[in-house]
Amino acid sequence: MAESVYDIVVIGGGPAGAMASHYLVQAGYSVCLVERRSFPRETLCGEFLSHEVIGILRDIGVENEFLALGPSPISRFTLCTDRGPIISESLGFTAFGLKRGAFDQMLLKTAIHRGVHVLQPAEAEAVNRVENGFKTVCRMHEGIQTLQSRWCVGAYGKSSPLDKQLRRPFAGVRSRINGIKFHVPSASLAGVDADEIRIYTGPGMYCGVNHVDGGVATICFLEQRADDTLPPRARLRELMAENKHFERLLGVTGIAAVDHATVYGTGNIFFGRRNLVEDGIFMVGDAGRVIAPLAGDGIGMAMQGARLLGRLFRADMSAGSSSTDLETEYCAEWDKLFRNRLRSAAALQRILFSAPLRRAASSLLAIYPRLLIRAISLTRDRSHRP
Ligand SMILES: Cc1cc2nc3c(=O)[nH]c(=O)nc-3n(C[C@H](O)[C@H](O)[C@H](O)COP(=O)(O)OP(=O)(O)OC[C@H]3O[C@@H](n4cnc5c(N)ncnc54)[C@H](O)[C@@H]3O)c2cc1C
């Protein structure tokens, strides 16, 4: 069994892990990141990259690499409710649509380029506390590799068998909230402009549609399920039956494209509170807390949380504070950064999941459409505008 020693091991190579390792290397630490899948890989996501994301890409000097991937600029938000008219407003900033396969690969390449050691594909199967740190056991094609480190960062996403191993209270909870994504040719959809993100609502679900790179559009929905019997494509047909705007969007061509598309999905997503530090492991991104996707801000939060971690570890290198101080500071600053966004996004998601609240909201928006922009702004980081 091979064993290597690092200052920090980061588990997971999505936006949180790639960015956390990037910032930690910049702060002067030796970092090994382990990612269980080979890249590029697709993953569940609406693929709407908010201005928070673009701001960070600019800060770390990779905006041009990002733009070279051909992301689709998005500057309008359109709400198509199942009970009301279409309401469309300018977002007030430019976001982008880009497939996660391409985006995550670019971030991980940047981290490698800046000095992060990456093991991939390598699955962290166990993390154990040892004297002076952690031992992470990884399964690779070649066999088991053990990593010894002073610190460990959990960036493994919204759920993992590691949650059970760490005895996190939500591990195994059946929330009955599921997410599904399809990629279809943009030409198969009728009526979504190139610069627009649309949200369609229906009973117990909402569905985002926007263009990404390469002449492709992403259809991504979140559903609260009462039973387990309806497959994802049937759920979209149900939305077509309930929402005439969605029916117009997909039509015969769109639904045929969905029938041929790969399904990317995750079940039982837990949106509740989680410990940000679990048995000494610093959690970033979805492993730390999942924001309601309506906000389109999960990736931004993952990257901003990673930046926060990097800043605190950089300060710790010179100050040499205790692990407990670092943990307390991380939790307090994380809460300050994200508390309001999380609350607003959760409240808006509750409205969309409830038929009477949705009806009331769409009547109100028909009279005061600018309220839509006010609602969107509540889910954003207002300190970081491009
Ligand atoms: C329906 C839905 C739609 C969404 N739409 C958007 C959107 O449009 N815009 C947006 O900003 N956010 C969106 N989000 C949220 C966004 O997808 C997440 O917030 C973001 O991916 C979090 O990044 P992460 O790095 O924490 O986790 P992930 O992106 O999930 O990355 C985790 C990585 O860890 C790896 N991993 C897991 N376990 C292990 C292990 N044991 N060992 C090694 N590697 C491991 C995984 O393979 C993965 O690559 C959406 C979420 C949902 C549910």
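Our structure is the block above this text.
These lines cover the structure that appears in this document, whether it is placed above or below. (Residues numbered from 1 in each chain as written. Predicted model: local features only at pLDDT ≥ 70, side-chain atom pairs only at ≥ 80, totals over all residues. Heavy atoms only, no water.)

## Observations regarding the overall build of the protein chain
We apply this condition: Strands are runs of DSSP state E lasting at least 2 residues, helices are runs of H or I lasting at least 4, and numbering of each runs from the N terminus. Here the globule rule reads 2.2 Å times residues to the power 0.38, and the radius of gyration is calculated from C-alpha atoms. In this scheme, a residue with accessible area under 20% of its type's maximum is buried, one over 50% is exposed, and one in between is partly exposed, where area comes from a 1.4 Å probe on protein chains only. Note on contacts: a residue pair qualifies if any of its non-hydrogen atoms lie within 4.5 Å across the two residues. The protein chains shown are the only cover counted for residues, whose accessible areas, like all others here, come from Shrake-Rupley with a 1.4 Å probe. All tallies of charge rest on Lys and Arg as positive and Asp and Glu as negative; His and the ends of each chain are not included. Charge placement uses NZ in Lys and CZ in Arg. For Asp and Glu, CG and CD serve respectively.
Along the protein chain, the regular secondary structure elements total 11 helices and 16 strands. Relative to the globule expectation of 21 Å for 386 residues, the C-alpha radius of gyration of the protein chain, 21 Å, shows essentially globular dimensions. Put simply, the protein chain has 386 residues, and 55% of those count as buried. Partitioning the contacts of the protein chain with sequence separation of at least 6, the portion at a separation of at least 24 is 72%. Counting every atom, the protein chain has about 16,100 Å² of accessible surface; 52% of that belongs to carbon and sulfur. Positive and negative side-chain charges of the protein chain, numbering 46 and 39 respectively, have mean locations separated by a distance of 5 Å.

## Section: the sheet that holds strand β5 (residues 86–97)
Keep this limit in mind: Only when DSSP finds a minimum of two bridges between them are two strands counted as paired.
Spatial ordering of the open sheet is given by β3-β5-β4-β11-β12-β13-β10-β14, a layout of eight strands whose pairing is mixed. Both edges of this open sheet fall to β3 (48–49) and β14 (264–266), since each of them pairs with a single strand only.

## Looking at the site of the ligand
Going by this rule: The criterion for a residue being near a molecule or strand is simple. One of its heavy atoms has to lie within 4 Å of it. Polar contact criterion, stated in full: a pair of N or O atoms within 3.5 Å, where within protein one must be able to donate a hydrogen and the other to accept it, and residues adjacent in sequence count only if both atoms are side-chain atoms. Residues are grouped as follows: Ala, Val, Leu, Ile, Met, Phe, Trp, Tyr, Cys and Pro are nonpolar; Asp, Glu, Lys and Arg are charged; every other residue, Gly included, is polar.
Not every one of the 36 residues close to the ligand is listed here, only the nearest: Glu-35, Gly-46, Phe-48, Arg-100 and Asp-286. Interatomic distance of 3.1 Å between a backbone N/O atom of Arg-36 and a nitrogen atom of the ligand. The contact in question runs from an oxygen atom of the ligand to an N or O atom on the side chain of Arg-100, over 2.8 Å. Here the ligand, which alone exposes 1,000 Å², has 95% of that area covered by the protein. Among the elements of the structure, α1 (15–26), β7 (122–130), β13 (216–224) and α8 (298–319) are those that each provide at least two residues to the shell around the ligand. Taken together, the residues that form the shell around the ligand break down as 18 nonpolar, eight polar and 10 charged.

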